[in-house]
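Per-entry structural report
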Amino acid sequence: MTERHEVSRRLLLTGAGAAAGAGLVGSAVPAVAGEPAAPVSIRPGDPRYENLLRGNNFRFTGQPDEIRVAGSAGQVVRAVSDAVRSGRRVAPRSGGHCFENFTADPAVKVLLDLSPMDEVGYDPAMRAFSVQPGATLGRVYRRLYQGWGVTIPGGSCPAVGAGGHFAGGGYGALSRRHGSVVDHLYGVEVVVADRDGARVVVATREPGDPHHDLWWAHTGGGGGNFGVVTRYWLRSPGATGERLLPASPGEMLECVLAWSWEDMTEQAFTTLLRNFGAWHEQHSEPGGRAAGLYAILLLTHRSSGYFSLAVQIDGGLPGADELVGEFVAALTAGTGVKPIEDLRRRHSWLHKLTWPGTGESGDAGTRRYKNKAAYFRRAPDGDQLAAIHRHLTNNTGTPASGLLLIGYGGQIRAVAPEATAIAQRDVVMKAVYFTAWADKGGDEAHLTWVREFYRDVYLATGGVPVPGEINDGSYINYPDVDLLDPAWNASGVPARTLYYKDNYPRLRRIKARWDPRGVFGHALGVELSG
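In this text the structure is predicted, and so the values were computed from the model without any measurement. (Residues numbered from 1 in each chain as written. Predicted model: local features only at pLDDT ≥ 70, side-chain atom pairs only at ≥ 80, totals over all residues. Heavy atoms only, no water.)

1. Quick notes on the overall build of the protein chain
Across its full length, the protein chain carries 14 helices and 17 strands. Compactness check: the protein chain gives a C-alpha radius of gyration of 22 Å against a globular reference of 24 Å for 530 residues, within 12% of the reference. Principal-axis analysis of the C-alpha atoms gives the protein chain an extent of 70 × 55 × 45 Å. The burial tally for the protein chain puts 61% of its 530 residues in the buried class. Carbon together with sulfur atoms contributes 51% to the accessible area of the protein chain, which is approximately 18700 Å² in total. Counting 55 positive and 54 negative side-chain charges, the protein chain places the averaged centre of each group 3 Å from the other. (Helix = DSSP H or I, 4+ residues; strand = E, 2+ residues; numbered from the N terminus. Rg over C-alpha atoms; globule rule 2.2 N^0.38 Å. Buried < 20%, exposed > 50% of the residue type's maximum accessible area, 1.4 Å probe, protein only. Areas by Shrake-Rupley, 256 points an atom, 1.4 Å probe, with all protein chains shown as cover. Lys, Arg positive; Asp, Glu negative; His and termini not counted. Charge placed at Lys NZ, Arg CZ, Asp CG, Glu CD.)

Shown next, in the form of structure tokens:
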């Protein structure tokens with residue numbers, strides 16, 4: 001059962017994760033001398049075309065005129081220049097794990113494949129670690145650990161590309177302790193297409209950097225909006241000496257519990273969920289004793305037979321075992337239902353986050369999925385809990401459908417909403433509503449189930465998580481185009497407000513400066529100022 005739980009969690013989260021740089025802070029830099037000027041061009045009819053075309057979500061397959069495979073910033077400049085000159089829409093892709101069709105949109109005529117740009121290293125000129133966008137999270141963690149014993153608080157799916165994960169404000173098992181990935185972002189190298197043409201610009205968090213706003217846009221503004229990131233530099237604020245990023249844990253203490261749906265009454269179920277939310281309300285202060293504990297409730301549909309909890313914590317933290325025990329006791333208090341599985345184990349932190357055999361990529365037969373997301377500032381109210389139980393026990397859900405409640409907060413809350421593009425800083429949980437299936441014939445039924453589930457949880461606010469006392473919008477790395485559709489968003493609150501809140505006007509001004517012609521964009525992209 002534990003193995004099945006792990007496979008499900010990683011599958012559904014994903015349907016949900018350099019060499020020394022130029023070191024020129026706040027300045028435009030040319031292509032590297034001597035490198036091939038043109039990226040590889042793969043067109044229909046080439047046997048490589050179909051194999052490189054498809055991303056992680058098989059619901060979406062584009063038909064671009066060509067796939068440009070880029071291996072350097074200079075090649076990205078060439079590809080973007082060619083696309084602009086010919087009037088064709090271009091879209092960058094690093095790992096291909098987008099929940100929607102942003103790179104598979106029929107309007108995209110040039111798909112820019114950045115996967116060969118996967119170097120991870122230390123840049124002494126920038127005094128920061130350098131990560132190219134095609135590097136997977138598994139590669140990033142392994143290289144940082146092998147070379148320097150450090151890490152970043154990113155996601156748990158090793159095949160996700162750094163490119164989109166970082167730009168959207170990535171998070172993971174260490175975020176309650178160390179914040180978002182972008183809280184450690186020192187700089188970005190971006191190919192922009194402004195009025196001076198396609199060129200490479202380096203922007204940093206230094207307040208005096210004339211390109212500081214371009215850095216800020218990549219601290220949660222999402223990928224594909226302002227240009228093509230060709231390199232990230234990572235260094236924790238205030239870091240001194242040799243350790244410029246958080247030390248990587250050596251050991252993970254993991255606790256896995258599972259409950260049978262047959263044993264679960266509605267009262268016991270809602271008590272469990274209310275306890276989960278209440279614990280995070282009470283234990284999400286930055287720097288608190290409990291900030292190192294990361295928990296996910298994987299609430300699979302009743303047809304799966306059970307649902308489960310996964311808790312992860314640095315096994316080297318003082319009192320880690322006691323903290324996990326206290327959390328489990330608080331979670332199960334008043335439920336009157338015993339779990340059918342209660343497992344605790346210790347193993348290598350690195351192995352857990354990088355081993356590809358954990359099912360992260362999922363079964364190729366169930367690679368169609370739809371995910372919808374939200375933030376909670378506190379535990380769901382009674383009506384929301386009732387809606388969650390109703391949809392998880394109805395007759396139309398499947399074993400590959402459900403809801404993830406993910407612990408958040410902690411160090412995330414230490415950063416002001418305007419300091420980065422991530423506006424949702426005063427929150428304690430993320431939620432992911434999901435469903436996955438095998439073939440196109442199941443599209444309508446599965447999409448209807450997850451859309452109605454989401455709508456009913458937020459029925460009091462027009463079917464979407466309008467920011468307020470309980471809800472706080474959604475997460476751009478889990479994009480959902482339904483938020484644009486008045487049939488599913490009756491709130492009157494625009495989708496971009498749900499993602500960016502009060503930070504959206506600034507993102508639009510940055511868009512106008514760096515992408516004035518609207519070369520980059522997608523369905524939920526940052527719009528040019530009117």
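2. Focus on the environment of tyrosine 145
Along the chain, the position of tyrosine 145 falls in helix H4 (residues 137-148). The exposure class of tyrosine 145 is partly exposed, given its relative accessible area of 33%. C-alpha of tyrosine 145 to C-alpha of proline 249: the two residues are 104 residues apart in sequence and 9.4 Å apart in space. Those residues within four positions of tyrosine 145 in sequence are excluded, and the remaining contacts are Val150, Ser248, Pro249 and Leu350. (Contact = heavy atoms within 4.5 Å.)

3. Considerations on unusual backbone geometry
In this structure, arginine 127 takes a positive phi of about 50° despite not being glycine. Among the secondary structure elements, arginine 127 is positioned in the loop between strand S6 (120-123) and strand S7 (128-131). Since its relative accessible area comes to 33%, arginine 127 is described here as partly exposed. Positive phi, normally seen in glycine, also occurs at lysine 501, with a value near 50°.

4. What to know about the sheet that holds strand S3 (residues 66-69)
Read from one edge of the open sheet, four strands run S2-S3-S5-S4, paired in mixed fashion. Edge positions in the open sheet fall to strand S2 (40-42) and strand S4 (89-93), since each of these has one partner strand only. Neighbouring strand axes in the sheet, compared pairwise and without regard to direction, differ in orientation by 25° on average. Relative to strand S5 (residues 108-113), S3 runs parallel, the two sharing four bridges. The partner of valine 69 across the bridge, within S5, is aspartate 113. (Pairing = 2+ DSSP bridges. Axes fitted to C-alpha atoms, helices over the stretch in contact; angles between N-to-C directions.)

5. Digging into the domain arrangement of the protein chain
According to the domain assignment, the protein chain consists of domain 1 (40-113), domain 2 (120-247 + 505-514) and domain 3 (251-502). Taken over C-alpha atoms, the centre of domain 1 sits 22 Å from the centre of domain 2. Tallying the contact residues gives ten residues for domain 1 and 16 residues for domain 2. Carbon and sulfur atoms make up 80% of the surface buried where domain 1 meets domain 2, a total of about 910 Å² over both sides. The largest per-residue losses of area from domain 1 upon contact with domain 2 belong to Val77, Ser94 and His97, which jointly make up 42% of the total buried on that side. Our count for the contact surface shared by domain 1 and domain 2 stands at zero salt bridges. Applying the counting rule to domain 1 against domain 2 returns zero residue pairs in polar contact (both at pLDDT 80 or more). It is helix H3 (residues 73-86) that provides the largest number of residues to the side of domain 1 that touches domain 2, a total of five residues. When grouped by side-chain class, the residues that make up the side of domain 1 that touches domain 2 number six nonpolar, four polar and no charged. (Domains from an automatic or database assignment. Buried area = accessible area lost by both parts, 1.4 Å probe. Salt bridge = Lys/Arg side-chain N within 4 Å of Asp/Glu carboxyl O. Polar contact = N/O pair within 3.5 Å; in protein donor to acceptor, adjacent residues only side chain to side chain. Nonpolar A, V, L, I, M, F, W, Y, C, P; charged D, E, K, R; others polar.)

6. Digging into the confidence of the model for the protein chain
Scored by pLDDT, the protein chain has a mean of 91; 91% of the residues are at 70 or more. Segment residues 1-33 is flagged for pLDDT under 50; beyond a separation of four residues in sequence, or across chains, it makes 108 contacts in the model. Confidence drops under pLDDT 50 across residues 358-362; counting only partners more than four residues distant or on other chains, this segment forms 19 contacts. (pLDDT = per-residue confidence, 0-100.)

7. A look at the packing of helix H8 (residues 266-282) against helix H11 (residues 382-392)
Interaxial distance between H8 and H11 falls to 10 Å at its minimum, and their mutual angle equals 125°. Between H8 and H11, the angle is such that the two are oblique. Crossing hand, H8 versus H11: right-handed. Together, Glu266, Phe269, Thr270, Leu273 and Arg274 of H8 and Leu385, Ala386, Ile388, His389 and Leu392 of H11 make up the contact between the two elements. In the contact of H8 with H11, the residues fall into six nonpolar, two polar and two charged. (Parallel < 35°, antiparallel > 145°, perpendicular 65-115°, else oblique. Left-handed = near helix turned anticlockwise from the far one by under 90°.)

8. Re helix H12 (residues 443-457)
Spacing of three or four residues puts side chains on the same side of an α-helix, whose turn is 3.6 residues. A rise of 1.5 Å per residue sets the reference length of H12, with its 15 residues, at 21 Å; its end C-alpha atoms lie 22 Å apart and thus fit the reference within 8%. In this structure, the buried side of H12 is in contact with strand S15 (368-376), H11, strand S16 (401-407) and strand S17 (429-437). (Expected span 1.5 Å × (residues − 1).)

9. A few points about the sheet that holds strand S12 (residues 294-300)
In spatial order, the strands read S14-S11-S13-S12-S16-S17-S15; together these seven strands make up an open sheet with antiparallel pairing. Both edges of this open sheet fall to strand S14 (341-348) and S15, since each of them pairs with a single strand only. If you compare each strand with its neighbour and ignore which way they point, the axes differ by 15° on average. Of the strand pairs in this sheet, S12 and strand S13 (residues 306-314) are connected by five bridges, and their pairing is antiparallel. For isoleucine 296, the partnering residue across the bridge sits in S13 and is alanine 310. Contacts from H12 reach S15, S16 and S17 within the one sheet, and its direction differs from that of S17 by about 160°.

10. Brief notes about the UniProt feature "domain: FAD-binding PCMH-type" (unreviewed entry) in the protein chain
When the UniProt feature table is mapped to this numbering, "domain: FAD-binding PCMH-type" (unreviewed entry) covers residues 60-239. The span residues 60-239 is 23% helical and 27% strand by assignment, and the distance between its end C-alpha atoms comes to 42 Å. (UniProt positions renumbered as here; feature names shortened; annotations may be inferred.)

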